[in-house]
Amino acid sequence: MELKRRFFPEANIGGFSHIDGPVAMFNQVAAVLRPTDRVLDFGAGRGEPLLDDPVEYRRSISNLQGRCAHVEGCDIDESVLQNPFLDHAEVIRTDAPLPYDDDTFDVIVARYVFEHVADPQWLGRELLRVLKPGGLIAAITPNKFGYIALAARAVPNRLHVRALNSIQPGRKAQDVFPTCYGLNTPSALRRAFGPDAEVFVARRSSEPAYHFGHPFVYRVTKWFNKHLPEALQPLLLVYVRKRDMS
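Residues numbered from 1 in each chain as written. Predicted model: local features only at pLDDT ≥ 70, side-chain atom pairs only at ≥ 80, totals over all residues. Heavy atoms only, no water.

- Within an unreviewed UniProt entry, the label attached to the protein chain reads Ubiquinone/menaquinone biosynthesis protein, and the organism entered is Mycolicibacterium wolinskyi.

Considerations on unusual backbone geometry
Part 1: If you check the backbone angles, Asp103 has positive phi at about 55° while not being a glycine.
Part 2: With respect to the helices, strands and loops of the structure, Asp103 is situated in the loop between β3 (88-91) and β4 (105-111).
Part 3: Residue Asp103 is classed as partly exposed on the basis of its relative accessible area, which comes to 37%. (Helix = DSSP H or I, 4+ residues; strand = E, 2+ residues; numbered from the N terminus. Buried < 20%, exposed > 50% of the residue type's maximum accessible area, 1.4 Å probe, protein only.)

Side note on the sheet that holds β3
Part 1: Pairing is mixed in the open sheet, where 7 strands are placed in the order β3-β2-β1-β4-β5-β7-β6. Each edge of the open sheet is held by one strand with a lone partner, namely β3 and β6 (197-204). Taken over all neighbouring pairs, the strand axes of this sheet differ in orientation by 15° on average, direction set aside.
Part 2: The pairing of β6 with strand β7 (residues 235-242) spans 8 bridges and is antiparallel. (Pairing = 2+ DSSP bridges. Axes fitted to C-alpha atoms, helices over the stretch in contact; angles between N-to-C directions.)

Regarding the packing of aromatic side chains
Part 1: Scanning the model with the defined rule gives 6 aromatic pairs in all.
Part 2: Considering the side-chain rings of Phe7 and Tyr218, the 5.2 Å spacing of their centres and the 20° angle between planes classify their relative orientation as stacked. Of the two residues, Phe7 sits in helix α1 (residues 2-7) while Tyr218 sits in helix α10 (residues 215-227), which places them 211 residues apart along the sequence. Both residues of the pair, Phe7 and Tyr218, belong to the buried class.
Part 3: Of the aromatic side chains, those joined through ring pairs into one cluster are Phe7, Phe8 and Tyr218.
Part 4: Taking NZ or CZ as reference, Lys222 lies 4.6 Å from the ring centre of Phe8, over its face. (Phe/Tyr/Trp six-rings, centres within 6.5 Å; stacked < 30°, edge-to-face > 60°. Lys NZ or Arg CZ within 6 Å of the ring centre and 35° of its normal.)

Right under this line is the structure:
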């Protein structure tokens, strides 16, 4: 937080910068969320983004509980059953259909989940099946061709916990999962969701997250992000709208 406030002066006011990725994504969700909506937090886990986030505004805008009719959560990790920001939770398997009826949810959110999905076709098929016509999927995930994903793919999954312990101070080992990056380009997303969906992808950078806690590395990363071409920006903000065929 100290480095963020130093290099992004506006963070001294609300605790987040003008390029904050999760704030940008959840602002889009807030623009369409209705009190009657049913929401699925896909890959909700233990609720780490809310439990551990020091920024009050980011916690408030990303906590959808109480702002809609129902917040459902699901994850392959049983920790989702203790997530306090859900109205109900289910443990799922990626070799089986999601435990929900067709056309159940108005909005689906996924925070840093798509990079862990080994079967993109399963994900695209199942999320669209449980989403209502006209409904929205909103996700934030690394760009496969950005330096975050390239660095992660250069390090074996078994070493990610050890590496992140140094590179991203404060990251807890329980929140590190194997990565695949099979769903992390616009073309891969369009293939997975198919013709029944409109897919909108914004490539962008966010606040430096991998900096060893060192001011010089933070400064260089910020400069690097600013000057990268769009195709190599480290993050994708993904919005998928299910076509209404009625």
